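Observations on the model geometry
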Amino acid sequence: MLELVVLISGTGSNLRALLDAAEDAEYPARVVAIGADRDAEGLALGEEYGIPTFEVSYGNFPDRQAWGAALADQIRVWRPDLLVLSGFMRLLPHDVVAEFGPNVINTHPAFLPEFPGAHAVRDAVAAGVPETGASVIVVDDGVDSGPILVQERIPVLPTDTESTLHDRIKHVERRLLIQTVLDVANGTVDLKEASRA
């Protein structure tokens, strides 16, 4: 059984999909803790699903390194097999990536390397592209620059706003995340191998 710690910054919609998948006894992974970098709405899912939560608020620390050290302390308690960034809006410091990598994955609402960064959906709409996508990557020290594990194209409709496009992307992101965790658990995706590619 693959044990996951999931880090969030918002409502945790991808997290909820993962928690629902893990309720199936046949699914070979379970979330052992949920963490956030702020008072995120998605932390309420911990109570709903009976999973411990922790919050390491960025603003409580003098710098990124101190915040990262405190975050690592919390993650370490749970000894996760896999760390999942799901709508987590902060770049992990090098020391955190070095300690837990390559077993750290992230979802991103674009077809990387297109539209990296925090405003991928807005950027896609503004660029007027006919399609964008969703990706799951191995986290490295860059901004959405790690090895791509899986991705899928999603059309941008002429009537799309940032909100309507993001809603469609999230459906694909959730499916890709659930499948990637399953593939890691089953050994069909080797994160060490992927990170060397």
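Data block above holds the structure.
Residues numbered from 1 in each chain as written. Predicted model: local features only at pLDDT ≥ 70, side-chain atom pairs only at ≥ 80, totals over all residues. Heavy atoms only, no water.

Regarding the packing of aromatic side chains
- Under the counting rule described, the total for this entry stands at 2 aromatic pairs.
- Summarising the aromatic geometry, the rings of Tyr58 and Trp67 are spaced 5.3 Å apart at their centres and angled 65 degrees between planes, so their arrangement reads as edge-to-face.
- Aromatic pair Trp67 and Phe88: ring centres 6.2 Å apart, planes at 15 degrees, arrangement stacked. Here Phe88 lies in the loop between strand S4 (82–85) and helix H4 (94–100) and Trp67 lies in helix H3 (residues 64–78), a separation of 21 residues in the sequence.
- Overall, Phe88 belongs to the buried group, its relative accessible area being 6%.
- Aromatic ring contacts, followed pair by pair, group Tyr58, Trp67 and Phe88 into a single cluster.
- Taking NZ or CZ as reference, Arg90 lies 3.8 Å from the ring centre of Tyr58, over its face. (Phe/Tyr/Trp six-rings, centres within 6.5 Å; stacked < 30°, edge-to-face > 60°. Helix = DSSP H or I, 4+ residues; strand = E, 2+ residues; numbered from the N terminus. Buried < 20%, exposed > 50% of the residue type's maximum accessible area, 1.4 Å probe, protein only. Lys NZ or Arg CZ within 6 Å of the ring centre and 35° of its normal.)

Describing the nonpolar core
- Formed by 37 residues in total, the largest nonpolar core has its most connected members in Leu4, Val6, Leu18, Val31, Leu82, Ile105 and Val181.
- Residue assignment for this core shows that the elements contributing at least two residues are strand S1 (2–8), helix H1 (13–22), strand S2 (29–36), helix H2 (44–49), S4, strand S6 (131–138), helix H6 (162–186) and helix H7 (191–196).
- Contact partners of Val6, with chain neighbours within four places excluded, come to Leu15, Leu18, Val31, Ala33, Ile34, Gly35, Val84 and Ser86.
- The next biggest cluster of nonpolar side chains, apart from the first, holds 20 residues, and it includes Val5, Phe54, Trp67 and Ile75. (Core = buried A, V, L, I, M, F, W, Y, C linked by side-chain atoms within 4.5 Å. Contact = heavy atoms within 4.5 Å.)

A few points about the pattern of salt bridges
- The tally for this structure, following the rule as stated, stands at 12 salt bridges.
- The salt bridge partner of Arg76 is Asp73, with a shortest N-O separation of 2.7 Å. With a gap of 3 residues between them, Arg76 and Asp73 both fall in helix H3, about one helical turn apart.
- According to the relative accessible area criterion, Arg76 is partly exposed, its value standing at 38%.
- For Glu131, the salt bridge is made with Arg153, and the minimal N-O distance between the two is 3.5 Å. (Salt bridge = Lys/Arg side-chain N within 4 Å of Asp/Glu carboxyl O.)

Re the pairing of strand S5 (residues 104–108)
- With respect to burial, S5 is a largely interior element, 5 of its 5 residues being buried.
- With burial as the criterion, each face of S5 is covered, one bearing Val104, Asn106 and His108 and the other bearing Ile105 and Thr107.
- Looking at chain direction, S4 and S5 are connected through 3 bridges and run parallel. By the bridge assignment for S5, Val84 is matched with Ile105. (Pairing = 2+ DSSP bridges.)

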